[in-house]
Amino acid sequence: MNREIMTFDNVGLAYRRSLNPFSEKNWVLKDISFQLYRGEVLGVIGRNGAGKSTLLRLLAGIIAPNQGSISKERGIRSQLLTLNLGFIHKLSGFDNAIMSLVTQGKTIKEAHELVAGVIDFSGIGHLMDHSVSTYSAGERARLGFAIAMQATPDILLLDEMLGVGDKEFKVKSGKALKERVQSDQTAVLVSHSPTTIRKFCERVLWIEEGAVKALGPADTVLDEYEETAPTRGNSPSKTTTATAA
Ligand SMILES: Nc1ncnc2c1ncn2[C@@H]1O[C@H](COP(=O)(O)OP(=O)(O)OP(=O)(O)O)[C@@H](O)[C@H]1O
């Protein structure tokens, strides 16, 4: 196993129940501890509302924990790729691509050079001057994925981004991610699909009601997950004993 690039130590995250700063806190993640190792693709699985996207936002540094600590290697850049976040919708696809690439540490000159690759990969060159607010979900996914493929972050965080778009794009994005993974990209992949997670990940973190239910080899954790939650959104029918590792 390579050295750890990021470590979560008893991390807890609470949202307030309302905008009132004195309102009660709702703990959506509790006592989360794990290491992310350089070069691995860690899968994150769990039912709706379990806390997976919140975990990715913590990994991306968009939000800070209310409890515990998150440590990471110096200078590490992560990029969160999700359907709901990251674009300024009133700006064009072109401007969003430049902005994202610059945020990822590219110079403006480099960003302009890389946009050609974004256009080529996304297949939506004809829309690049249009405002992102006019894009379909699939077109936004294409743009986001294409930017991420040019951005080369140290940690790529993918929130339900595989399996979006049409058949052609699913194949294309799956192939591109596979190439990335084989070239030592560190990534965290959130998906409801055990099949997708099995395809890309050696290790899986299963989050259940904001806590670590299991962490270990993909096959072990996913077998147990599928056994206890056979259909998406169903409650597990029994308590499991998967080993945390
Ligand atoms: N900004 C917020 N303010 C208050 N509560 C929030 C906020 N964001 C998320 N939550 C709550 O935190 C919990 C975890 O949400 P999160 O989006 O992390 O779950 P998830 O596992 O990604 O779910 P899904 O599989 O449905 O996408 C949910 O109960 C959600 O309602």
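Further up the page is the structure itself.
Residues numbered from 1 in each chain as written. Predicted model: local features only at pLDDT ≥ 70, side-chain atom pairs only at ≥ 80, totals over all residues. Heavy atoms only, no water.

Student: Break down the overall build of the chain for me, with residues and values.
Tutor: Of regular secondary structure, the chain possesses 7 helices and 9 strands. For the chain, the C-alpha radius of gyration of 18 Å lies close to 18 Å, the compact-globule estimate for 245 residues. Projected onto its principal axes, the C-alpha positions of the chain cover 50 × 45 × 35 Å. Nonlocal contacts in the chain, meaning residues at least 24 apart in sequence, comprise 68% of its contacts between residues at least 6 apart. Of the roughly 12100 Å² that the chain leaves accessible, carbon and sulfur atoms contribute 49%. Considering the chain, the positive charge centre built from 29 side chains and the negative charge centre built from 27 side chains are found 3 Å apart. (Helix = DSSP H or I, 4+ residues; strand = E, 2+ residues; numbered from the N terminus. Rg over C-alpha atoms; globule rule 2.2 N^0.38 Å. Contact = heavy atoms within 4.5 Å. Areas by Shrake-Rupley, 256 points an atom, 1.4 Å probe, with all protein chains shown as cover. Lys, Arg positive; Asp, Glu negative; His and termini not counted. Charge placed at Lys NZ, Arg CZ, Asp CG, Glu CD.)

Student: How would you explain the environment of Ile197 if you had to name every residue and give the values?
Tutor: Turning to its location among the elements, Ile197 is positioned in helix α6 (residues 194–200). Sequence spacing of Ile197 and Lys175 is 22 residues, and the spatial spacing of their C-alpha atoms is 14 Å. In this structure Ile197 touches Gly43, Val44, Ile45, Leu189, Ser191, Val204 and Leu222, once residues within four positions along its chain are discounted.

Student: I'd like a description of the sheet that holds strand β2 (residues 25–37), backed by residues and values.
Tutor: Ordered by their spatial adjacency, 3 strands build an open sheet running β2-β1-β4, and the pairing between neighbours is antiparallel. Unpaired on one side and paired on the other, β2 and β4 (67–72) mark the two borders of the sheet. Adjacent strand axes in the sheet meet at a mean angle of 20° when their direction is disregarded. With 5 bridges joining them, strand β1 (residues 4–16) and β4 adopt antiparallel strand pairing. Note that in β4 the partner of Met6 across the bridge is Lys72. Sheet strands touched by helix α1 (residues 52–60): β1, β2 and β4. Its angle to β1, the strand with the most contacts, is close to 125°. (Pairing = 2+ DSSP bridges. Axes fitted to C-alpha atoms, helices over the stretch in contact; angles between N-to-C directions.)

Student: Can you lay out the site of the ligand for me, pointing to particular residues and giving the numbers?
Tutor: The environment of the ligand is made up of Tyr15, Val28, Arg47, Asn48, Gly49, Ala50, Gly51, Lys52, Ser53, Thr54 and His192. One of the side-chain nitrogen or oxygen atoms of Ser53 is found 2.8 Å away from an oxygen atom of the ligand. His192 is positioned with one of its side-chain polar atoms (N or O) 2.8 Å from an oxygen atom of the ligand. Within the complex, 57% of the 640 Å² of free accessible area of the ligand lies under protein. Here the shell around the ligand is built from residues that sort into 3 nonpolar, 6 polar and 2 charged. (Near = heavy atom within 4 Å. Polar contact = N/O pair within 3.5 Å; in protein donor to acceptor, adjacent residues only side chain to side chain. Nonpolar A, V, L, I, M, F, W, Y, C, P; charged D, E, K, R; others polar.)

The values are spatial; any link to function lies outside them.
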